Structure formats: structure tokens, C-alpha cells
Amino acid sequence: MLRPRGSVKVSICTGCRLYVAHMNNSNGAVFNVSTSIVGAGIMSIPAAMRVLGVVPAVLLIAAVAALANSSVEFLLRYTRRSSGGSYAGVMGDAFGRAGAIVLNVCVAFTTMGTLVVYLIIIGDVMSGSAMGEDAHVGVLQELFGKRWWTTRVAVLLVTAVVILLPLVFRRRVDSLRYTSAVSILLAVVFIIISLGIAVYTIFTGTAKMPRMFPDFSRLSSPFELFTAVPVIVVAFTFHFNVHPIAAELKNSSDMMTAVHISLVLCAAIYAAVGFFGFLLFGEATMADVLVNFDRSSGAGVPQALNDLARLSYALHLVLVFPLLNFSLRINVDELLFQGKRPPLAIDTPRFMFLTAALMVLLYALAIAIPSIWTLIQYGGSVFPVSLSLIFPGAIVLRDIHGIAKMKDKVVAVTMIALAVISSSIAITTNIMNSNKD
């Protein structure tokens, strides 16, 4: 029996709409995953390349991206068998309530550390940075000189109270959708300006080709190479956002495709930013490469362009800050206020107390910690490494559902061993270097 022509048209149109909706959904997941990956960690990639050299740094970026891909695949596979449908649920299935609590603690410390890094970078951009003999002025000090209101303490206080507090007091994430869109645009502006400056220096001959391999004469010991590992791992730690993003997809299998694309894209971005940052500033590359964009950058471009690069990314971090603060506030709330309670968004006293207390703590830590390298080296060697490598590997080895293959267990053991060994060496080396100083 023949169908009327009209029904054929309807079927084709319906199929087209479903295909377009599927593509939009997948593209949105790629966008969200990529946004979750690229954060403040990108600012330390050039410094990691200075320690390792270009070739080992690029290889390390590729290796960590591959391990991140495997760990996410493990999490999603066990999530399909989990009753909770979240990272905490998977950890709870494997290791009981204690496992879920440990995960929440790691997520809280990771997000807190990231927010402190955001504030430190904002302080570096606006008020400058002085580490040892290297002094770099901020935008405000360039314009107005050194005054009490251009100091880091004053600038971060005004930023926290006047700009960030109104944003973090928002109770719904979707109320920040416009600021999020602007933040992504600002990050793109920074990358375009940075690459443009680097290309300009190449054509004018002011750039020097960066080292391809480590210079051991500049290192206190060969073990110092391991201090770059936490920097790269932090840059690829997005695992606590995997489940919320996957939950919005109609087809859960699209998540791994989005992760594949995002990891390749972000690895390419990290390699490019690291290479061009190291090319621009060489051995003078700071832990926060944004502070290099001052008068002493020596790139031969107008200072206004350098300042635009710094300000664009600093404003990007200001607009991303409230989004990450949502995750921190929820995790801290779950740890402090267990049991039956009303949702945080409608419990005004609890919401106001947590928000204000966390902002005070974040501000105090940003003032007390002088460099993002210090924070990433110590905090990044414990909490992000656990979230991205150790916990997923442990879930596979525990294998309460009996679905792990021998290949999976080999990868899991490799992930845990590399994480524990590299983090232990990095922490020990940093402590020894601190004692020498």
C-alpha cells in the first residue's frame, strides 16, 4: 500500500528536525565540556613548558588528555550501573558513604583552589606581581602609580564586594547565562591577541625560538621536572562537571563523543598557548603568564594591546567565578548540613551565611598565597589528581559490577601509579626547594 506524498514530506521534515536537534544537543555538550576544561590552569601552561621544554610538554599534554579520556569513559560506564547517577553516586556504590564524602571534600577543595587562583590572577593583572627579583606592574599601577588603592589588598576587596558578591548571591545558575556567554567571548579575545602578538614578534625577529627540551643546568635537580605534572593535570580536571552535562543529553552515548572532541580541541589550545607564551617571554615566563604582559614584555607592540590581553582574561575569570562558586557552595553545604533540610536556594539564612563565609575565606587565601604556582603545585598534586586519575582508577579496580576488562584494570593501575608517583615527587621537590629558599 502506497503512502500519500504528504506523509513522506512530513516524515522527511520530522527526521531533519530530529537530526538538527541531535546535532545542536551534541554541539552544546562539546561547548560545555570545553568550557569546563579551559580555565585558569591555561595561564601556567607556558611556565610548565619553560620547565620541561616544548617537546616533553606537548607529549605530557597529549598523555594527560588521553588519561582524562579513559577516566571519563570509566566514570560513565559505571554510572550506567549506579543508583545515584552522579560521580558521588558511583563513589558511594564502590566505597560506601565514606567514598562519597571523600569525593565531596576533594571537589570542594578543588573548586576552592580554582577560585583562589582566579582571584590571584585578577590581583596580578590589576596590581602586579613581585616574586623574588622579578617585579611586574599591574594595569592600575601603570596608569596611576603605586598608591594604597592600587594594592592587591584594596583591589581584590573592591572586586569581591562590588562585582563578585552581587553575582554569587544569584540563586539560579541560568540567571548567569548572559555573563557566561560574554566570558567565553573574552577568553577567545585573549587567545587571539596573544597569538597575534606572538606571530608579530616572529615576523619582526624579536622572538627567540624556545627550547625543545629541558635545560638541566637551570634545574635544582632532575626531579624538578615532575613539578610540571600537576599543572597539566589541573588543566584537564573537569570530571565533577561530566555528569551534569551528560544529564542534559537525550542520548547518553553522545557524551563520550563530546569528550573526545573537547579533549583534542583543548589539548591543541594548551599546546598553542604554551608554545607562544614561552616563545614570547622565554626563560622570564612567569607562573601566571598574564603578568608578563606589562611594560617589560619586550614584544615591541603597543602597551594598550598588552593591557587588553590581560584585562580580557581577567574579566573572563570575574564572569566565570560565580558559576564555579555554585559548585563549591553546594558541596560545602552537603558536607556541613547533612540530613533532611530545605534546598539551599530557598533557605535564605543558610544561603547567605555560606555565600558570605566562603567569599571571606577565598579573599583571605588570595591575599595570603603569593603565586598561583604555589597553589597549583601543592593543591593540584592532591585534589585534582585524585578526581581525575586516582578515584576513577580505584572504581575500576573495585569493580563491584564485574564489568571491567583486564585492559581496563591495566589502565587503572597505570593511572593510579603515575598519579601517586608524580604527585609525591612533585610535593617533595617543592618542599625541598622551599627549604633552600
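The shown structure was predicted, so the numbers you read here are calculated from the model rather than taken from an experiment.

1. Overview of the overall build of the protein
Part 1 of the reasoning: Along the protein, the regular secondary structure elements total 15 helices and 2 strands.
Part 2 of the reasoning: Put simply, the protein has 437 residues, and 51% of those count as buried.
Part 3 of the reasoning: Across the protein, contacts joining residues at least 24 apart in sequence account for 81% of those joining residues at least 6 apart.
Part 4 of the reasoning: Taken as a whole, the protein presents about 20,300 Å² of accessible surface, with 69% of it coming from carbon and sulfur.

2. Regarding the pattern of salt bridges
Part 1 of the reasoning: A complete count under the given rule lists 6 salt bridges for this structure.
Part 2 of the reasoning: Here R77 makes a salt bridge to E73, at a shortest N to O gap of 2.7 Å. You can see R77 and its partner E73 sitting in helix α3 (residues 54–79), 4 residues apart, about one turn around the helix.
Part 3 of the reasoning: Take R77: its relative accessible area is 16%, and that puts it in the buried class.
Part 4 of the reasoning: In this structure E73 comes out as partly exposed when scored by relative accessible area, which is 24%.
Part 5 of the reasoning: Through salt bridges with shared partners, one network takes in E73, R77 and D408.

3. A word on the environment of L76
Part 1 of the reasoning: Tracing the backbone through its elements, the reader meets L76 in helix α3.
Part 2 of the reasoning: In this structure the C-alpha to C-alpha distance between L76 and M256, which are 180 residues apart in sequence, comes to 8.4 Å.
Part 3 of the reasoning: Filtering out sequence-adjacent residues up to four positions away, L76 remains in contact with V242, A246, M255 and M256.

4. Section: the nonpolar core
Part 1 of the reasoning: Within the largest apolar cluster, 116 residues are counted, with the highest numbers of intra-cluster contacts made by M43, F236, F238, M255, Y270, Y313 and F321.
Part 2 of the reasoning: Ranked by the residues each element gives to this core, the list is headed by helix α4 (residues 87–127), at 19 residues.

5. Concerning empty space enclosed by the protein
The gaps of empty space that remain are located by a probe, the size of a water molecule, rolled over the atoms.
Part 1 of the reasoning: Tallied over the entire structure, the rule returns 2 cavities of 30 Å³ or more.
Part 2 of the reasoning: The volume enclosed by the largest cavity comes to roughly 80 Å³.
Part 3 of the reasoning: Taken together, P46, F190, S194, L195, V273, F276, G277, L280, F281, V289 and F293 make up the lining of the largest cavity.
Part 4 of the reasoning: Elements represented by at least two residues in the lining of the largest cavity include exactly α7 (177–204) and α10 (254–281).
Part 5 of the reasoning: Examining the composition of the lining of the largest cavity, we find that 5 residues originate from one element, α10, more than from any other.
Part 6 of the reasoning: The residue inventory of the lining of the largest cavity, partitioned by class, reads 9 nonpolar, 2 polar and no charged.
Part 7 of the reasoning: Taken together, Y78, S82, V90, D93, A94, I395, D399, I400 and H401 make up the full set of residues lining the second largest cavity.
Part 8 of the reasoning: Per-element accounting of the lining of the second largest cavity gives the leading share, 3 residues, to α4.

6. Looking at helix α2 (residues 45–52)
Part 1 of the reasoning: Buried residues dominate α2, accounting for 7 of its 8 residues.
Part 2 of the reasoning: Along α2, the residues classified as buried are I45, P46, A47, A48, M49, V51 and L52.
Part 3 of the reasoning: Taken from the residues just after α2, G53 is the one with a positive phi, measuring 95°.

Quick notes on the rules
- Residues numbered from 1 in each chain as written.
- Predicted model: local features only at pLDDT ≥ 70, side-chain atom pairs only at ≥ 80, totals over all residues.
- Heavy atoms only, no water.
- Helix = DSSP H or I, 4+ residues; strand = E, 2+ residues; numbered from the N terminus.
- Buried < 20%, exposed > 50% of the residue type's maximum accessible area, 1.4 Å probe, protein only.
- Contact = heavy atoms within 4.5 Å.
- Areas by Shrake-Rupley, 256 points an atom, 1.4 Å probe, with all protein chains shown as cover.
- Salt bridge = Lys/Arg side-chain N within 4 Å of Asp/Glu carboxyl O.
- Core = buried A, V, L, I, M, F, W, Y, C linked by side-chain atoms within 4.5 Å.
- 1 Å grid on protein atoms, 1.4 Å probe; cavity = no way out; pocket = protein on both sides within 12 Å on 5 of 7 lines; lining within 4 Å.
- Points joined across faces, edges and corners; volume = space filled by probe spheres on them.
- Nonpolar A, V, L, I, M, F, W, Y, C, P; charged D, E, K, R; others polar.

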